[in-house]
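Structural features, examined
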Amino acid sequence: MIRIENLTKTYGDLAALDTLNLEVNKGEIYCLLGANGAGKTTTINLLLGFIKPTSGNAFINEIDVVKKPKLTKNHLAYIPENLMLYPSLTAIENLDYFSGIANKKLKKHELEAFLVEAGLQESAFNKSVAKYSKGMRQKVGIAIALAKDAKVLLLDEPTSGLDPKASNEFGQLLQKLRQKGVATLMATHDLFRAKEVATTIGVMKDGQLKQQWSVDELSLKELEDSYLETMNYNSLQS
Ligand code: ATP
C-alpha cells in the first residue's frame, strides 16, 4: 500500500531524509516517532507529492508518487495537525465538497452516515465547523477518508493538542479504518498513542530510520527507554 525505497531529500548540505526504506501494508498502522527535525513531515510531504525527492522512490498502491501525483491522491487521505476545512461551511458541506473533489457524488443521507461512522455528534452536522473543537474537526477528516474510500491514510501529529478522551476516540477510529484494510502512516510525538494504535513503530533521527519494531515486541516502558536511548546515543555522537 505504501512502499518507500531509498527515499532521500536534501536541502543543500542537509539531508532532511536519508535513504529511507519503509513499507506499510493493508491493515497496518505504522507510527513514525522522532525528535523535531527528524524528517517525519518531509516523508509525508514526499508521499503527498508536495515536494520532490532528491533520489529514491515512493509508491502508493504501487503507483509512483512522482510520476503520477494526481492518481495517487485518489487513493489517499491526509490529516495534518490542523485540518484545513472551510470554516463557514458545515460538516456536511465540507464533506460534500472534499468527497466531490475525489469524484464521489454522495447524497445527504450518505454524507450523514459517514459523519456518524466517524463519531461526530449529530447535533453538530449542520453547524459551521468554525465552532468545532479540534477533535470534532479530526472526525470530519476521518469522515472524508471514509467517503473517499481511501486505501492509504497519512497523519501528521493528528493527536497533538487533543484531550485524552478525544485522543482515545481518534485511536479507535484508526482501528476502525485498519479493520477496513486501510494502510496508515502516522507521524507522532505521542509514544502512548503510538503503542496503543500501531502495528509497527519506527524511530527517526537526522533523516534516518534508526529503529523499527513490531508493536508486540516491546512494552510502553521499553518503547520509551529505547526511544530515549536512540536520541541520547546520537546526540552524544554529534
Ligand atoms: P517536527 O517533529 O518538528 O515536525 P519533523 O520530523 O517533521 O519535525 P521535518 O519537518 O521533516 O522534521 O524536517 C527535517 C529537516 O529538514 C529539518 O532539519 C528541517 O529544518 C529541514 N527542512 C524541512 N524543510 C526544509 C526546507 N524547505 N528547506 C530547508 N530545510 C528544510
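Scoring rules and cut-offs
- Residues numbered from 1 in each chain as written.
- Predicted model: local features only at pLDDT ≥ 70, side-chain atom pairs only at ≥ 80, totals over all residues.
- Heavy atoms only, no water.
- pLDDT = per-residue confidence, 0-100.
- Helix = DSSP H or I, 4+ residues; strand = E, 2+ residues; numbered from the N terminus.
- Pairing = 2+ DSSP bridges.
- Axes fitted to C-alpha atoms, helices over the stretch in contact; angles between N-to-C directions.
- Near = heavy atom within 4 Å.
- Polar contact = N/O pair within 3.5 Å; in protein donor to acceptor, adjacent residues only side chain to side chain.
- Areas by Shrake-Rupley, 256 points an atom, 1.4 Å probe, with all protein chains shown as cover.
- Buried < 20%, exposed > 50% of the residue type's maximum accessible area, 1.4 Å probe, protein only.
- Salt bridge = Lys/Arg side-chain N within 4 Å of Asp/Glu carboxyl O.

1. A word on the confidence of the model for the chain
- Overall, the prediction assigns the chain a mean pLDDT of 94, with 98% of residues at 70 or greater.
- No element of the chain has a lower mean pLDDT than helix α8 (residues 220-237), which averages 83, and none a higher one than strand β1 (residues 2-11), which averages 98.

2. Here's the deal with the sheet that holds strand β8 (residues 183-187)
- Read across the sheet, six strands follow the order β6-β7-β8-β3-β9-β10 without closing on themselves; strand pairing throughout is mixed. The open sheet has two free edges, formed respectively by β6 (76-79) and β10 (208-214), since each of these has just one partner strand. Here the average twist between neighbouring strands, direction ignored, is 15 degrees.
- By the bridge criterion, five bridges tie strand β3 (residues 29-34) to strand β9 (residues 200-205) in an arrangement that is parallel.

3. Section: the site of the ligand
- Taken together, 13 residues lie near the ligand, and G37, G39, K40, T41 and T42 sit nearest.
- Residue T41 places a side-chain N or O atom 2.7 Å away from an oxygen atom belonging to the ligand.
- The separation between an oxygen atom of the ligand and a polar side-chain atom of T42 is 2.5 Å.
- When the ligand is considered free in solution it has 640 Å² of accessible area, and contact with the protein chains removes 60% of it.
- Contributing elements (two or more residues each) for the shell around the ligand: β2 (14-24) and α1 (40-47).
- Considering each element in turn, the shell around the ligand owes the most residues, three residues, to α1.

4. Notes on the pairing of β3
- A large share of β3 lies buried, amounting to six of its six residues.
- Burial along β3 is two-sided: I29, C31 and L33 facing one way and Y30, L32 and G34 facing the other are all buried.
- In the sheet, β3 pairs with β8 via four bridges, with the strands oriented parallel. Bridge pairing links L32 to A187 in β8.

5. Notes on the pattern of salt bridges
- Taken as a whole and judged by the stated rule, the model has eight salt bridges.
- Across the pair E112 and K108 runs a salt bridge whose closest N-O atoms are separated by 3.2 Å. Of the two residues, E112 and K108 are both situated in helix α4 (residues 108-117); the distance of four residues between them amounts to about one turn of the helix.
- Judged by relative accessible area, E112 falls into the partly exposed class, the value being 25%.
- Connected through salt bridges with shared partners, the residues R3, E5 and E62 form a single ionic network.

6. What about unusual backbone geometry?
- For N6, which is not glycine, the phi dihedral falls at a positive 50 degrees.
- With respect to the helices, strands and loops of the structure, N6 is situated in strand β1.
- Classification of N6 as partly exposed rests on a relative accessible area of 39%.
- One non-glycine residue with positive phi stands out, namely N61, at about 55 degrees.
- Mapped onto the elements of the fold, N61 is located in the loop between β4 (55-60) and β5 (63-64).
- Given the relative accessible area of 24%, N61 is considered partly exposed.

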